Amino acid sequence: MKYLLLGDEAIAQGAIDAGLSGVYAYPGTPSTEITEYIQHQQSKGTHPSIFCKWATNEKTAMEAALGMAYMGKRALVCMKHVGMNVCADAFMNAAITGVNGGLVVLAADDPSMHSSQNEQDSRFYAKFAMIPCLEPSNQQEAYDITRYAFELSEQLKTPILLRVTTRMAHSRAIVETTNEPMPQKTMRLPEDVKRFILLPAFARNNYAHLVEMQKSFGEISGQAGWNTYTKGSCPTKGILTTGIAYNYLMENYQPQMGYSILKVVQYPLPVAMIQQMVADGVQEILVMEEGQPVVEEMIRGMVPSTVAIKGRLTGDLPRVGELTPDSVRLALGLEPLPQHDADALVVSRPPALCQGCGHRDVYAALNEVAREYASPRIFGDIGCYTLGALSPFHALHATVEMGASITMAKGAADAGQHPAIAIIGDSTFTHSGMTGLLDCVNSNANVVVLISDNLTTGMTGGQDSAGTGRIEQICYGLGVAQEHVRVVVPLPKNMEEIKNILREEIEYDGTSVVIARRECIQTLKRHLKAKK
Amino acid sequence: MKRDIILAGVGGQGILSIATVIGDAALSEGLYLKQAEVHGMSQRGGDVQSNLRLSSEPIHSDLIPKGGADLIISLEPMEALRYMEYLKEDGWIVTSSVPFVNIPNYPALEEVLAHVQAFEHHVLLDVEQLAKEAGAPAQAANMVLLGASIPMLGIEYDKVIAGVKRIFERKGEKVVSANIAAIEAGYKAVK
């Protein structure tokens with residue numbers, strides 16, 4: 001059958017058709033739609049049961065997926081690139097244990113930071129963990145290669161990293177799916193249990209085995225058919241593309257250029273193909289890759305020093321941001337297409353909190369109270385409420401990564417700052433804030449943790465939040481004194497009450513939590529509509 | 001046949017519904033299609049766009065190059081101007097004339113409209129008013145805009161209507177007929 005699918009959806013459908021038994025993920029742009037697609041297919045009740053409930057964070061997701069793969073079934077873990085940092089411990093060690101059933105780790109990178117705080121390249125993680133990486137160039141390939149990834153994972157008994165970037169994840173194209181989806185695997189215990197017990201004595205053997213496997217990983221990259229090399233008529237110029245960079249090359253390519261082209265979709269890099277390119281007389285290789293200059297750095301050791309390597313490091317392509325058909329066009333030495341000038345009248349329109357959003361009322365109250373102090377510090381976190389840093393609130397003094405609001409406020413308080421205030425959403429709190437709150441409790445740090453609880457994971461479109469209905473209990477359980485866990489409803493009519501409670505808790509010398517709870521305006525609309 | 005279209009607007013205005021209908025009609029015509037969307041943070045009231053590419057030949061890039069777009073379809077007049085660099089020299093702008101003002105420094109509306117009108121190939125319509133006159137709800141304004149774009153789309157009117165029927169079928173006859181009325185109003189306004 002043919003379908004019009006986002007790259008994310010093509011991956012999800014590929015996983016379903018590969019006999020997936022469980023998808024484990026925490027929402028994160030641009031990866032969210034993979035899990036949502038599987039959840040949607042499951043809600044139709046037409047497929048065999050696939051576990052697809054959201055995980056609390058990427059680390060719990062990775063570990064649960066490893067557990068399912070341990071039992072011989074096929075599991076998929078999905079996350080945005082920075083999620084790889086959260087699950088890195090589990091990920092790196094899953095490469096040491098290896099797997100029993102197929103385990104595919106999907107990392108969706110966000111070059112140009114459309115919805116992220118950095119543009120780290122997940123291919124480094126594959127190299128770091130010494131496992132194969134797949135980077136499809138189009139939506140059809142994304143579907144096909146996801147199915148291949150599970151086969152390869154089981155063949156090599158190793159996790160596989162599947163890497164996409166925003167323009168693959170969030171672009172639709174026609175995808176032809178198989179008529180013969182695979183059934184799910186039955187439970188099958190690993191033959192060698194010791195592999196999964198990473199005592200140093202066992203882990204050393206596993207690691208030596210992983211190192212030994214590198215040669216065959218490389219050979220498979222050269223032979224599996226995903227990487228292709230085409231010798232051109234121009235004897236000296238070669239181009240190496242990875243992932244979707246190939247599309248930008250083809251958008252601009254003219255047959256008379258005659259360049260030799262190596263299209264890389266599978267890693268480790270196919271060394272023999274690169275050396276063939278050099279043997280064919282190529283004296284200059286232009287590397288086009290989405291993300292950081294990973295390949296551009298790596299191939300320097302694979303070719304003679306007389307071969308010029310060009311790309312992002314040499315300024316032939318922009319050092320930062322995603323590739324575009326325009327930047328690739330210039331790198332090929334072509335003139336820009338004739339175009340109109342940008343219109344100087346146009347001003348930027350940054351995103352903003354929705355009208356009627358509870359976070360707005362939280363910031364209105366918080367700002368008023370904070371102004372009563374000479375030097376307040378408000379540490380923000382990751383979610384819609386990060387927009388409180390922008391106009392009209394300008395409320396935040398830091399925002400770094402998931403959960404950092406609480407622990408940075410603690411560190412600031414430890415340094416002598418008062419008031420030290422953290423503002424964090426409910427989903428981010430359960431993702432990575434709870435352990436930091438325990439640290440606060442253990443030293444009775446003088447912080448106010450403001451949990452802006454909208455009962456959902458809002459920024460990514462309203463997914464279930466792991467602690468909904470239990471935020472107070474979680475705080476009590478972590479040891480916050482009950483009288484210092486305060487709950488307010490962020491509405492304009494409650495402004496005086498909210499401000500008074502904030503003042504009281506700021507003046508309390510110890511750890512307190514203020515929960516501002518009102519449903520996300522977007523999910524509320526959806527729920528009201530569904531009721532009709 | 002090849003059409004590169006930039007759909008523009010403000011997060012929440014409904015540009016993706018336009019893309020969905022055009023996409024469905026294009027697929028029924030056997031065309032290749034690629035459509036890059038914006039999800040995530042910018043959907044919260046920020047500027048959003050979608051690159052929609054249709055062709056009878058396979059399409060490589062998910063993104064339209066600067067100077068490559070045949071058509072900008074915009075639900076907001078300043079947002080139409082944001083993508084001028086992407087428009088072909090002889091490309092078309094089809095835009096709503098109704099501003100969406102959620103920023104303090106929105107430029108003078110008459111200047112924005114004058115910039116659109118200074119462009120030879122432009123269609124400037126009060127799509128909300130046209131939706132109302134057609135007896136359709138305000139949310140169908142995006143379908144009025146779609147109707148006004150049909151002459152530049154390279155896809156026939158009847159095929160677009162068939163697409164609307166397929167897309168909105170499960171929402172009931174009332175929604176289908178309101179959307180068709182809106183498309184017809186936009187189509188007639190430019191004829």
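All names here are of chain A. Here Ala-224 lies in the loop between α9 (200–223) and β8 (228–230). The class for Ala-224 is partly exposed, based on a relative accessible area of 34%. Through-space distance from the C-alpha of Ala-224 to that of Tyr-148 is 9.9 Å; in sequence the pair is 76 residues apart.

All right, on to the nonpolar core then. The nonpolar side chains of soluble globular proteins are, as a tendency, buried together. Residues and elements named next belong to chain A. Grouped together as the largest cluster of nonpolar side chains are 111 residues, with contacts concentrated most on Leu-76, Phe-91, Ile-285 and Met-288. Looking at this core element by element, the count peaks at eight residues for helix α7 (residues 139–156). Each of domain 1 (2–219) and domain 2 (228–331) accounts for three or more of the residues forming this core. Sequence-distant contacts of Phe-91, that is, excluding residues within four places in its chain, are made with Met-62, Met-84, Val-105, Tyr-125, Ala-129, Ile-131 and Leu-161. Listed in part, the 56 residues of the second largest apolar core include Phe-429, Val-441, Ala-445 and Ile-521.

Here we take up the packing of aromatic side chains. Residues and elements named next belong to chain A. Counted under the stated rule, the structure contains seven aromatic pairs over all chains. With a centroid separation of 6.3 Å and an interplanar angle of 65 degrees, the aromatic rings of Tyr-253 and Tyr-259 are classed as edge-to-face. Sitting over the face of the ring of Tyr-246, Lys-263 holds its NZ or CZ atom 4.6 Å from the ring centroid.

A surface patch of positive charge is lined by Lys529(A), Lys532(A), Arg170(B) and Lys171(B). Along the chain, Arg170(B) turns up in the loop between α6 (157–168) and α7 (173–190).

Next up on the list: the interface of chain A and chain B. In this assembly, 42 residues from chain A lie in contact with 48 residues from chain B. Summing the contributions of chain A and of chain B, the shared interface buries around 4000 Å²; its carbon and sulfur component is 57%. Of all residues in chain A, the largest losses of buried area upon contact with chain B belong to His340(A), Leu345(A) and Arg349(A), amounting jointly to 22% of the total for that side. Connecting chain A to chain B are four salt bridges. The tally of links from chain A across to chain B stands at 18 residue pairs in polar contact (both at pLDDT 80 or more). Those elements that provide at least two residues to the side of chain A that touches chain B are β1 (2–6), β7 (171–176), α10 (245–252) and α13 (325–331) of chain A. Here the side of chain A that touches chain B is built from residues that sort into 21 nonpolar, 13 polar and eight charged. Bridge analysis of β7(A) against strand β2 (residues 32–36) of chain B gives three bridges, and the strand direction is antiparallel. For Ala173(A), the partnering residue across the bridge sits in β2(B) and is Lys34(B).

The next subject is the sheet that holds strand β3 (residues 74–80) of chain A. Residues and elements named next belong to chain A. The sheet built from six strands is open, its strands ordered β2-β3-β4-β6-β5-β11 with mixed pairing. Of all the strands in the sheet, the pair left with one neighbour each is β2 (20–25) and β11 (266–267). Where β3 and strand β4 (residues 103–109) come together, six bridges link them in parallel fashion. Residue Cys-78 lies in a different strand from β4, and its bridge partner there is Leu-106.

Below, the discussion takes up a nonpolar patch on the surface. Side chains of Val193(A), Ile197(A) and Leu199(A) sit close together on the surface and give an oily, nonpolar patch of about 240 Å² of accessible area. Among the secondary structure elements, Val193(A) is positioned in the loop between β7 and α9.

Residues and elements named next belong to chain A. Among the seven residues that make up strand β16 (residues 447–453), seven are buried, leaving the element largely enclosed by the rest of the structure. Along β16, one buried face is formed by Val-447, Val-449, Ile-451 and Asp-453 and the opposite face, lined by Val-448, Leu-450 and Ser-452, is buried too. Relative to β16, strand β15 (residues 420–425) runs parallel, the two sharing six bridges. Residue pairing for β16: Ile-421 is matched across the bridge by Val-448. With respect to chirality, the unit in which β15 leads through helix α16 (residues 426–442) into the neighbouring parallel β16 is right-handed. As defined by bridge partners, β16 adjoins strand β18 (residues 512–517) across six bridges and the pair is classed as parallel. Opposite Ser-452, over in β18, you have Ala-516 as the bridge partner.

With that settled, consider helix α1 (residues 15–28) of chain B. All names here are of chain B. Relative to the 20 Å expected for 14 residues at 1.5 Å per residue, α1 spans 21 Å between its end C-alpha atoms, a close match to the ideal helical length. Three or more residues of α1 are buried, namely Ile-15, Ile-18, Ala-19, Val-21, Ile-22, Gly-23, Asp-24, Ala-25 and Ala-26. Check the buried side of α1 and you find it contacts β1 (2–10), β2, β3 (47–55), β4 (69–74), α5 (141–153) and α6. Note on α1: the residue one or two positions beyond its end, Gly-30, has a positive phi of about 75 degrees.

Residues and elements named next belong to chain A. Considered domain by domain, chain A is made up of domain 1 (2–219), domain 2 (228–331) and domain 3 (358–526). If you average the C-alpha positions of domain 1 and of domain 3, the two centres end up 33 Å apart. Counting residues at the interface gives 12 residues for domain 1, matched by 13 residues for domain 3. Counting each side, the surface lost to burial between domain 1 and domain 3 is near 930 Å², with a carbon and sulfur contribution of 56%. In terms of surface lost to domain 3, no three residues of domain 1 exceed Tyr-26, Thr-56 and Gln-117, which account for 45% of the buried area on that side. Viewed at the interface, domain 3 and domain 1 are joined by zero salt bridges. Along the lines of polarity and charge, the residues of the side of domain 1 that touches domain 3 split into four nonpolar, six polar and two charged.

Rules of the game
- Residues numbered from 1 in each chain as written.
- Chains lettered and ligands numbered in written order.
- Predicted model: local features only at pLDDT ≥ 70, side-chain atom pairs only at ≥ 80, totals over all residues.
- Heavy atoms only, no water.
- Helix = DSSP H or I, 4+ residues; strand = E, 2+ residues; numbered from the N terminus.
- Buried < 20%, exposed > 50% of the residue type's maximum accessible area, 1.4 Å probe, protein only.
- Core = buried A, V, L, I, M, F, W, Y, C linked by side-chain atoms within 4.5 Å.
- Domains from an automatic or database assignment.
- Contact = heavy atoms within 4.5 Å.
- Phe/Tyr/Trp six-rings, centres within 6.5 Å; stacked < 30°, edge-to-face > 60°.
- Lys NZ or Arg CZ within 6 Å of the ring centre and 35° of its normal.
- Patch = residues over 30% accessible without salt bridge, like charges linked within 9 Å, V, L, I, M, F, W, Y side chains within 5 Å.
- Areas by Shrake-Rupley, 256 points an atom, 1.4 Å probe, with all protein chains shown as cover.
- Salt bridge = Lys/Arg side-chain N within 4 Å of Asp/Glu carboxyl O.
- Lys, Arg positive; Asp, Glu negative; His and termini not counted.
- Charge placed at Lys NZ, Arg CZ, Asp CG, Glu CD.
- Buried area = accessible area lost by both parts, 1.4 Å probe.
- Polar contact = N/O pair within 3.5 Å; in protein donor to acceptor, adjacent residues only side chain to side chain.
- Nonpolar A, V, L, I, M, F, W, Y, C, P; charged D, E, K, R; others polar.
- Pairing = 2+ DSSP bridges.
- Right-handed = clockwise from strand over helix to strand, strands pointing away.
- Expected span 1.5 Å × (residues − 1).

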